[in-house]
Amino acid sequence: MVAPASVDHNRPNLVRFLKFTLPYSAVHLSCLFVFMVGVSWFALAVSVVVYIMRGFGITGFYHRKFSHHAFKTGRVTQFAGAWLGTSAAQGGPLWWVAHHRRHHRVSDRDGDIHSPTMEGFGIAHHGWLTRPDADPCHMDEVADLAVYPELRWLDRNAWVPILATAFGLLAFGIAVGRLMPWTGTNGPQLVIWAFFINTVLLWHVTFSVNSVCHRWGKRHHNTSDDSRNNVLIGVLGLGEGWHNNHHAFPTSARHGLRWWQFDSSWLVIRTMRFLGLVSKVRVPSPERILRKRRVT
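A brief structural summary.

Quick look at the pattern of salt bridges now. For the coordinates displayed, the defined rule picks out five salt bridges. A salt bridge links E240 to R64; its shortest N-O distance comes to 2.8 Å. Of this pair, E240 sits in the loop between α11 (231–236) and α12 (243–248) while R64 is found in helix α3 (residues 41–67), placing the two residues 176 residues apart along the sequence. With a relative accessible area of 1%, R64 lands in the buried category.

This is the structure we're talking about:
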């Protein structure tokens, strides 16, 4: 992932800046329509379910499976997980994984555009997306995933799952509003709550793993970076906030390594293993965990 020498990585590229900023701002501003559509218990319930599904597409598949090979699945399950991750509007699977793998190679060192230590909190959180080196997907980083044509197709057509989610929620809300009016919901309400607000929350929780979890929290294991375990992001991020654990054992399918570190993504993976949907789940042994535990 060596960029051309002529590229100034410290300044946003105008085209990239607009490409990111315009849709990013539009999604945030669309949340204001909540004052027009109102709220219902049904819309909130659907939003929670959609948050978990799309979130697990990121945490379970984009991150733990695709980036780190923490478990194996069949092609159908793999595609379904990649579709869910892509629907979260965080980029295609190959692009996402390529950038994440680079983060691990140079974590909190020169070249890590996600690092609050190297780049500042704002750049680490979301400003890095405006940088020219954020745009390309370096295929040499994801040669193992690029052998799957369905993943390459999703990476090129990331807009398809996103729009399918938005219009699916619109159609579902219209149907529920007409067939079950006692729910107090409708199509626009579900789109605002379960798509726009949902997407913004997912974005900032995911971004916080890069920013917050390299700035605030506990370091339970010795690692070469500033990764930290953060309880709030651990809960909201479906287990991703146990980030110091993850940097200590990057190939582990389980990030919450202590009994009190709630890791909902791990619970889903265990359930999928019970159902025969995943196999070869990787978790560090208690002995390995103890050897790397930080002495305070």
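So, about the nonpolar core. Among the nonpolar cores identified, the biggest contains 55 residues, and F66 and I269 are the most heavily contacted of them. Those elements that place two or more of their residues in this core are α1 (14–30), α3, α5 (93–105), α8 (149–156), α9 (159–179), α10 (187–210) and α13 (264–274). Looking at this core, the element that brings in the most residues is α10, giving 12 residues. Residues within four places of F66 in sequence aside, it is in contact with F61, Q78, A82, V97, R101, L145 and L151.

Turning our attention to a nonpolar patch on the surface. On the surface, a cluster of nonpolar side chains totalling about 530 Å² of accessible area is made up of W41, L179, M180 and W182. Inspection of the secondary structure assignment puts W182 in the loop between α9 and α10. Among the residues examined, W182 registers a relative accessible area of 60% and is labelled exposed.

On the surface, K72, K280, R282, R288, R291 and K292 cluster together into a patch of positive charge. Tracing the chain through its elements places R288 in helix α14 (residues 286–292). Residue R288 is classed as partly exposed on the basis of its relative accessible area of 38%.

Conventions and cut-offs
- Residues numbered from 1 in each chain as written.
- Predicted model: local features only at pLDDT ≥ 70, side-chain atom pairs only at ≥ 80, totals over all residues.
- Heavy atoms only, no water.
- Salt bridge = Lys/Arg side-chain N within 4 Å of Asp/Glu carboxyl O.
- Helix = DSSP H or I, 4+ residues; strand = E, 2+ residues; numbered from the N terminus.
- Buried < 20%, exposed > 50% of the residue type's maximum accessible area, 1.4 Å probe, protein only.
- Core = buried A, V, L, I, M, F, W, Y, C linked by side-chain atoms within 4.5 Å.
- Contact = heavy atoms within 4.5 Å.
- Patch = residues over 30% accessible without salt bridge, like charges linked within 9 Å, V, L, I, M, F, W, Y side chains within 5 Å.
- Areas by Shrake-Rupley, 256 points an atom, 1.4 Å probe, with all protein chains shown as cover.
- Lys, Arg positive; Asp, Glu negative; His and termini not counted.
- Charge placed at Lys NZ, Arg CZ, Asp CG, Glu CD.

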